Structure formats: C-alpha cells, structure tokens
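Chains, contacts and geometry: an overview
Listed here are the chains, written in short residue letters.
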Amino acid sequence: MAPHSQAATGKRKKADKPGKALAVKSTNPVSKKTHKQKKQRPAAEQDKTNAAADEPAGGGVLLSAALPPARQLEFFLRSFERAAKMRLSPLELGSYSEGCMVQLAEGVSQDVESFGDHVKGAFGATWKDELCEGQLVEGSVDAGSPALLVISLGALRSLELLRGLKMFTRGCHAVKLFAKHIKVEEQVALLKDRVNIACGTPSRIKKLIDMEALSLSRLKLVVLDMQRDPKLFNLFTLPQVSNEFWDLYKGYLGQKVREGDTRICFYGAVSEKDANKVLPPVE
C-alpha cells in the first residue's frame with residue numbers, strides 16, 4: 001500500500017499499534033467513520049482457512065503415490081508415535097517392513113470413481129477370488145472374515161467409498177461397519193456369512209472384533225481413507241476418531257501388519273502442512 005500524503009489528509013498519520021493487523025487494505029485514504037475494522041479471527045481458525053486457500057480443490061499430498069513405501073511407513077509410524085506420545089524402540093521399528101505399504105500409481109486420481117481400479121491393482125491376480133466369490137470355503141474362508149477392510153472418518157464417507165467398489169459386490173455384498181442407522185445386532189447377523197469387503201469407522205470395527213463377530217483371519221489389505229472433512233481434519237488428526245483408530249491398530253491390526261499378513265494403503269490426500277508436521281525433511 002502506498003503511504004498516505006499528509007498534505008492530502010491534513011492530519012499526521014498515526015503509527016500502527018504493534019501486533020495488530022489491518023483488516024481492510026485499500027489504495028485510497030478512508031475515513032474511520034465509514035469503515036470499521038473487522039474482528040480478527042482466532043489463530044487456529046485462521047490457520048485452517050489459510051491451509052485451504054493454499055491448496056487447490058482436492059489437492060495435497062497423495063502419500064501412496066508421491067512417497068516410496070519406506071517413506072510411507074515412516075509417516076505411518078511417526079503418526080503412531082505422535083498419537084501415543086511415545087517413541088518406538090529400534091527393536092519395535094525393526095519388526096516392520098516397507099513391504100507392508102502399498103504403492104499406488106502416480107498421476108491417477110484417488111477418488112471414488114477410481115477406487116475399485118486401485119483396489120484391483122493392489123490385490124493383483126487374486127482380486128477375483130478374494131473379492132468376488134460368494135461361498136464360504138471350509139478351512140480357508142471363514143464367515144465374517146473380509147479380505148479388504150476400509151476405514152474412514154464417518155458413515156457418509158464410508159457409503160461413498162463403497163459405491164466405488166460395486167464392481168466386486170454383485171456376488172457377495174459388502175458390509176457397512178458404522179453406527180449410524182445400523183444396529184450392531186444387524187451387523188453381527190450379516191457377518192455370519194461370507195464377507196469379502198467391509199467398510200466403516202474405527203470404533204464400530206473394533207467393537208465387532210471385540211464381540212468376535214468380525215474376524216481378521218484372511219485380511220489382506222487395510223485402506224486408510226485420508227480425505228479431509230470440511231474442517232480439514234483427517235483420520236489421523238480428528239481427535240476422537242484418531243484415538244479410536246490407534247486403539248484398533250494397537251489391539252488388532254498391528255500384529256497382522258508386523259507379521260506380513262496384512263498391508264496398509266493410504267487413499268486420498270493429506271495437506272502438505274499435516275505431512276510436514278509428521279515427516280522430517282529428506283536429507
């Protein structure tokens with residue numbers, strides 16, 4: 001902004017008070033009587049607004065495409081440490097292999113329409129047997145034991161993701177594992193048959209495992225939906241849901257991942273701000 005001329009206004013310009021930003025910027029002198037200064041937003045709210053403005057719609061970092069598996073694993077484990085407020089020992093870190101992280105194709109959208117193709121690629125040649133067959137197989141396919149588990153922030157997002165998996169569910173319906181409008185007893189009944197795909201929220205998934213209705217015996221892939229909600233929170237940053245996810249991971253999923261039976265796939269973009277908070281810069 002160009003400085004005001006004292007000759008034009010007839011008054012000496014007062015110095016700005018330290019630490020107080022001007023709410024309205026203009027190239028012309030304005031009267032204090034006609035323009036009121038806007039109330040400054042709280043810092044936390046301003047940070048979220050700035051983060052949204054700095055990124056294009058649907059932008060951010062696609063962890064599973066932009067980062068190699070070793071770097072994805074580092075992001076996952078550092079997020080775990082931040083949530084648990086502890087550091088994993090070298091022995092604990094050594095129990096993980098970068099092979100537990102799925103690399104998705106670069107340059108391909110990670111939206112609902114592309115979800116099925118990404119899942120098919122992650123399963124490889126076995127996708128049809130694992131995700132489409134509808135009969136129980138004694139000794140290898142138990143009731144209520146999905147091959148694919150999708151974990152998201154909420155019920156509406158879970159429904160969106162399931163629409164992207166319709167190519168697999170003609171012969172074997174996917175099971176919705178969230179609390180909204182579905183009683184746990186209904187879900188227990190659905191899990192008494194073959195289940196290839198299950199999608200839901202961390203708290204309800206954990207509850208059904210606790211009840212021994214949901215089995216992880218043939219779980220091959222866990223998809224972590226990282227889409228941000230309207231307030232820019234994701235699965236790892238929304239306080240209550242994040243705690244519920246890490247409880248589920250510590251109680252049940254972690255052992256499957258460390259043993260190499262189950263892989264993890266990030267889906268959707270995290271903000272650069274959230275990624276940089278967790279990952280140190282590459283040396």
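As shown above, the structure is provided for reference.
Here's what I pulled together on the structure shown here. These figures come from a predicted structure and were not determined experimentally.

Attention now moves to the pairing of strand 5 (residues 221-225). When you tally the buried positions in strand 5, you get five out of five residues, the bulk of the element. Alternating positions in strand 5 separate into two faces, Leu-221, Val-223 and Asp-225 on one and Val-222 and Leu-224 on the other, with burial throughout. Here strand 5 pairs with strand 6 (residues 263-267) via five bridges, running parallel. Looking at strand 6, one finds that Val-223 is bridged to Cys-265. Handedness of the β-α-β unit built from strand 5, helix 11 (residues 239-258) and strand 6 comes out right-handed.

So, about the pattern of salt bridges. Where charged atoms of side chains with opposite charge meet at close range, the side chains can pair. Under the definition given, this model contains nine salt bridges. With its nearest N and O atoms 3.2 Å apart, the salt bridge here joins Asp-210 to Lys-206. Highlighted residues: Asp-210 and Lys-206, both in helix 10 (residues 202-210), separated by four residues, approximately one helical turn. Each of Arg-71, Glu-74 and Arg-78 takes part in one network of salt bridges that share partners.

Moving on, we get to the environment of Phe-76. Note that Phe-76 resides in helix 4 (residues 69-84). In sequence terms Phe-76 and Ile-264 are 188 residues apart; their C-alpha atoms lie 9.4 Å from each other. For Phe-76, the residues in contact, after removing those within four places along its chain, are Leu-224, Phe-236, Phe-245, Trp-246, Tyr-249, Ile-264 and Phe-266.

Thresholds, definitions, all that
- Residues numbered from 1 in each chain as written.
- Predicted model: local features only at pLDDT ≥ 70, side-chain atom pairs only at ≥ 80, totals over all residues.
- Heavy atoms only, no water.
- Buried < 20%, exposed > 50% of the residue type's maximum accessible area, 1.4 Å probe, protein only.
- Helix = DSSP H or I, 4+ residues; strand = E, 2+ residues; numbered from the N terminus.
- Pairing = 2+ DSSP bridges.
- Right-handed = clockwise from strand over helix to strand, strands pointing away.
- Salt bridge = Lys/Arg side-chain N within 4 Å of Asp/Glu carboxyl O.
- Contact = heavy atoms within 4.5 Å.

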